[in-house]
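Topology and contacts: notes
Chain by chain, the residues:
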Amino acid sequence: MASSIRTPHPREKRIIFKNIDRPGWTNDVGCYLHDGGYEELKKAFTMKPEQIVNEVKASGLRGRGGAGFPCGVKWGFIRPGGTKPVYLICNADESEPGTFKDRYIIHQDPHQLLEGMIISCYAVNARLAYIYIRGEFPEGAKILERALAEAKEHGFLGKNILGSGFDLEIYVFRGAGAYICGEETGLIESMEGKRPYPRIKPPYFPAALGLYLCPTIVNNVETLCNVKHIVRIGGAEYAKMGKPNNTGTRLLCVSGDVQKPGYYEFEVGGITIGELINDICGGMKPGRTLKALIPGGSSAKVMSATDRYKIKTKQPDGTIVETEMGLEDIPIDFDTLAAAGSMAGSGGVIVMDDTRDMVWALNNINEFYAHESCGQCTPCREGSLWMKKITERMLHGGGVEQDTDTLKSVADNIAGRTICAFGEACAWPTQSFVAKFRDEFVATAHKKGDGNGSTNS
Ligand SMILES: Cc1cc2nc3c(=O)[nH]c(=O)nc-3n(C[C@H](O)[C@H](O)[C@H](O)COP(=O)(O)O)c2cc1C
Ligand code: SF4
């Protein structure tokens, strides 16, 4: 992956991305050690595993892979002293459209990830761990293999790591390039050599019945990197970054119609959508205005720039306060985006300007989900294809009066009726695009001809 050096914006708070684009920085172990690397691992070995779990709980760290589930709570599901082996899997599938943060960590700072993983394995007593990396990242896999060999040479992996008595091996597992392998139980099936059909939860929550039906922690790359920093500064100090229940920093990947798309790191909730677009990303392209935004990868519900959002927030005294705000005033954090009807998801922010045709945009997303459905459940397998066929037909002038309502009805009959959250991931775009831009859908359905549907230059 070619990487041009980017200077961090002064408003960024770079912790996970501290070494990304750092002048003189190389991704080998020598550079990492010179910069104080693996010191947190040494510190972790002076702590008891449960102390680390408690620090992670105190930090309030929420998973960065999409669902925002509290990391310490997940780790707490592992019963100490269980008879089965515990596995840890780093989810480096990074397949959510609009998301491109994990690959930069892997390429430029692989030892940060390894250190975070080794500490996490020690905390949950996993003696075997895997990095599940998507098939399309061959270079990333190579870099990780080299970093693992370096870590082993320096005694950070293998038997009796740094004299701690703790043994650990980590292996790279390469996927074959299917979106559904990012879903943790599909990923596990794939690792077991099977077709990656997601498993039903309950009972197959990985922390209880994961890889080879053993307790398994699956965490995202960014989540695991955070663990190193929690050990460094302590959970309470970490929790001071961001906002209550939305702590730490967040990597944001901005794509679409802004002048400076790219990756950034901010305190969670430390920046609003308007500030991100206008102050950080150089504003919209000349002469264009903001029309819509998807805040957390293509699965997140689209938000319209003309809507007013009624956001309910819980105050420290427990009371609920409702505030009305425009799209640009919304701070980017888990709870506020959820209260606004969307989600922070994977951190992939997709910006669309006033030239974007919403039917075209939704069709683009629908094509992806129709292609990626694993086909295991009927509503998702059939519905994702129907939604794509309808938006495609509308774009080519073959729309009929009922299309807008049919789209909504198909999406409504997928969400909540499937084995895995892919059902929601493919239904939410259609539900939200149709709800927010209904007039455009109705107009396109009435348009006849051979239009390709795109007004984009
Ligand atoms: C369809 C689908 C795709 C997903 N893709 C990814 C992915 O590429 N990377 C990722 O970390 N999590 C992905 N997830 C979320 C994982 O299932 C899981 O929740 C996550 O890896 C847990 O890590 P975290 O708690 O650190 O976020 C996906 C979920 C679904 C439903
Ligand atoms: S919801 Fe879709 S992707 Fe998930 S198991 Fe069902 S068919 Fe497969």
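What counts, and where the lines are drawn
Residues numbered from 1 in each chain as written. Chains lettered and ligands numbered in written order. Predicted model: local features only at pLDDT ≥ 70, side-chain atom pairs only at ≥ 80, totals over all residues. Helix = DSSP H or I, 4+ residues; strand = E, 2+ residues; numbered from the N terminus. Rg over C-alpha atoms; globule rule 2.2 N^0.38 Å. Buried ≥ 20, exposed ≤ 12 C-beta atoms within 10 Å, placed from the backbone. Contact = placed C-beta atoms within 7 Å. Pairing = 2+ DSSP bridges. Near = placed C-beta within 6 Å. Nonpolar A, V, L, I, M, F, W, Y, C, P; charged D, E, K, R; others polar. Domains from an automatic or database assignment. Axes fitted to C-alpha atoms, helices over the stretch in contact; angles between N-to-C directions. Parallel < 35°, antiparallel > 145°, perpendicular 65-115°, else oblique. Left-handed = near helix turned anticlockwise from the far one by under 90°. pLDDT = per-residue confidence, 0-100. Right-handed = clockwise from strand over helix to strand, strands pointing away. Core = buried A, V, L, I, M, F, W, Y, C linked by C-beta atoms within 7 Å. Arc of directions from axis to C-beta. Expected span 1.5 Å × (residues − 1).

**Observations regarding the overall build of the protein**
Counting its secondary structure elements, the protein contains 17 helices and 13 strands. Taken over C-alpha atoms, the radius of gyration comes to 22 Å for the protein, in line with the 23 Å a tight globule of 457 residues would show. By principal-axis analysis of the C-alpha atoms, the protein measures approximately 75 × 50 × 45 Å. Within the span of the protein, comprising 457 residues, buried residues form 53% of the whole. Here the contacts in the protein between residues at least 6 apart in sequence split such that 72% fall between residues at least 24 apart.

**Points about the sheet that holds strand β9 (residues 290–294)**
Here we have five strands laid out as an open sheet, ordered β8-β7-β13-β9-β10, and mixed in their pairing. The sheet is open, and its two edges are formed by β8 (262–267) and β10 (303–304), each paired on a single side. Bridging between β9 and strand β13 (residues 348–353) involves four bridges; their strand directions are antiparallel. Within the sheet, the bridge partner assigned to leucine 293 lies in β13 and is valine 351.

**A few points about the site of ligand 1**
Around ligand 1 there are 23 residues in total, and Gly63, Gly65, Gly182, Asn220 and Thr223 lie nearest to it. Contributing elements (two or more residues each) for the shell around ligand 1: β4 (216–220) and α16 (422–436). When the residues that make up the shell around ligand 1 are grouped by side-chain class, the tally is eight nonpolar, nine polar and six charged. Two domains each put at least three residues into the shell around ligand 1: domain 1 (29–240) and domain 3 (358–446).

**Looking at the site of ligand 2**
Among the 14 residues in the neighbourhood of ligand 2, the closest are listed as Cys374, Cys380, Thr418, Cys420 and Phe422. Those elements that provide at least two residues to the shell around ligand 2 are α14 (378–395) and α16. Classifying every residue of the shell around ligand 2 by side-chain character gives eight nonpolar, five polar and one charged.

**Observations concerning the packing of α14 against α16**
Between α14 and α16, the shortest axis-to-axis distance is 10 Å and the interhelical angle comes to 25°. It follows from the interaxial angle that α14 and α16 lie roughly parallel. The handedness of the crossing between α14 and α16 comes out as left-handed. Residues Pro379, Cys380, Ser384 and Met387 of α14 lie in contact with α16, whose contacting residues are Phe422, Gly423, Cys426 and Thr430. A per-class count over the contact of α14 with α16 returns five nonpolar, three polar and no charged.

**A closer look at unusual backbone geometry**
Following lysine 201, the chain continues into proline 202 via a peptide bond in cis, with omega recorded as -10°. Omega for the peptide link from proline 202 to proline 203 comes to 10°, which places this bond in the cis form. Assignment of secondary structure puts proline 203 in the loop between α8 (184–191) and β4. Residues other than glycine seldom take positive phi values, yet glutamate 94 does so here, at roughly 30°. Look at asparagine 160: it is not a glycine, yet its phi comes out positive at around 50°. Following the sequence through the fold, asparagine 160 ends up in the loop between α7 (138–153) and β3 (169–174).

**Digging into the confidence of the model for the protein**
Chain-level pLDDT for the protein is 95 on average; 97% of the residues reach the 70-or-more range. Predicted confidence for residues 450–457 stays below pLDDT 50, and this span has 18 contacts to residues more than four positions away or in other chains.

**Quick notes on the pairing of β3**
The pairing of strand β2 (residues 126–133) with β3 spans six bridges and is parallel. Among the inter-strand pairings, leucine 128 is bridged to a residue of β3, identified as glutamate 169. With α7 bridging β2 and its parallel neighbour β3, the resulting β-α-β unit is right-handed.

**Description of the domain arrangement of the protein**
By domain assignment, the protein separates into domain 1 (29–240), domain 2 (243–353) and domain 3 (358–446). Listed per partner, the contact involves 19 residues of domain 1 and 18 residues of domain 2. Elements represented by at least two residues in the side of domain 1 that touches domain 2 include exactly α9 (221–233) and α10 (235–239). Looking at the side of domain 1 that touches domain 2, its residues break down into six nonpolar, eight polar and five charged.

**Points about the environment of glycine 76**
Along the polypeptide, glycine 76 turns up in helix α4 (residues 71–76). With 19 residues separating them along the chain, glycine 76 and lysine 57 place their C-alpha atoms 8.6 Å apart. Ignoring any residue separated from it by four or fewer positions in sequence, one finds glycine 76 in contact with Val53 and Lys57.

**Notes on the nonpolar core**
Residues Ile89, Met117, Ile118, Ala129, Leu276 and Leu293 are the most contacted members of the largest nonpolar core, which totals 136 residues. Per-element accounting of this core gives the leading share, nine residues, to helix α6 (residues 110–124). Beyond its immediate chain neighbours, meaning those up to four positions away, leucine 293 contacts Ile273, Met303, Leu327, Val349, Ile350, Val351 and Met352.

**Observations concerning helix α11 (residues 273–280)**
Along α11, the positions that sit buried rather than exposed are Ile273, Leu276, Ile277 and Ile280. Axial view of α11: buried residues confined to an arc of 120°, hence all on one face. If you follow the buried residues of α11, they end up packed against β7 (249–256), β8, β9 and β13. Following α11 by one or two positions, glycine 282 has its phi on the positive side, about 75°.

**A few points about α7**
Helix length check: α7, at 16 residues, gives a terminal C-alpha distance of 23 Å against a target of 22 Å (1.5 Å per residue), a fit within 8%. Taken as a whole, α7 has its buried residues at Gly140, Ile143, Leu144, Ala147, Leu148, Glu150 and Ala151. Looking straight down α7, one finds its buried side chains confined to an arc of 165°; they lie on one side. Structural note: α7 exposes Pro138, Lys142, Ala149 and Glu153 on the side pointing more than 90 degrees away from its buried face. The elements touched by buried residues of α7 are α1 (29–34), α5 (102–108), α6, β2 and β3. Remark: glycine 155 follows α7 within two positions and exhibits a positive phi of approximately 80°.

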